[in-house]
Amino acid sequence: GIVYPPTGTSLDSWEADNPSQRAVLIRAIREQPGLLSTCFRGSKSWGDIIAKLLRRRDEIREEQRAILVCQQVDEVPSHREAASSLQQIIQRIADS
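Predicted model, so just to flag it, every value in this text is computed and none were measured. (Residues numbered from 1 in each chain as written. Predicted model: local features only at pLDDT ≥ 70, side-chain atom pairs only at ≥ 80, totals over all residues. Heavy atoms only, no water.)

Caption draft 1: Inspection of the packing of aromatic side chains at higher detail. Within the structure shown, the criterion is met by one aromatic pair. For the ring pair Phe-40 and Trp-46, a centre distance of 5.8 Å and an interplane angle of 80° mean the geometry is edge-to-face. Here Phe-40 falls in the partly exposed class, since its relative accessible area comes to 36%. (Phe/Tyr/Trp six-rings, centres within 6.5 Å; stacked < 30°, edge-to-face > 60°. Buried < 20%, exposed > 50% of the residue type's maximum accessible area, 1.4 Å probe, protein only.)

As structure tokens, then:
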């Protein structure tokens, strides 16, 4: 097992620009215990665990951005839909 405790104190914040190992671990325990459990596999130090957690956090962010971009693309009307909407607006203006 890992003998030494992670770096940091109980006063460390995980929202800091450069959070301590302890702060990152506390957040993982509270928010993603399953992910933390998988990060222990094959790790020989807290540094290994933290690196895996941060790498997976970044991957999750990228996946969420990709999902958001796909959703935004789905919301963008096609050329035909946009032309039809513009035609309807112009027709309403002409009718008034």
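Caption draft 2: Representation of the pattern of salt bridges in the model. Tallying each qualifying case throughout the model produces six salt bridges. The salt bridge involving Arg-27 is made with Glu-31; its shortest N-O contact spans 3.0 Å. Of the two residues, Arg-27 and Glu-31 both sit in helix α1 (residues 21-31), four residues apart, roughly one turn of that helix. Salt-bridge contacts for Arg-61 lead to Asp-58; the nearest nitrogen and oxygen are separated by 3.9 Å. One end of the pair, Arg-61, and the other, Asp-58, are both in helix α3 (residues 46-75), three residues apart, so they sit about a helical turn from each other. Taking the relative accessible area as the measure of exposure, Arg-61 reaches 42% and is therefore partly exposed. You can call Asp-58 partly exposed: its relative accessible area is 35%. Residues joined by salt bridges that share partners form a network here, namely Arg-56, Glu-59 and Glu-63. (Salt bridge = Lys/Arg side-chain N within 4 Å of Asp/Glu carboxyl O. Helix = DSSP H or I, 4+ residues; strand = E, 2+ residues; numbered from the N terminus.)

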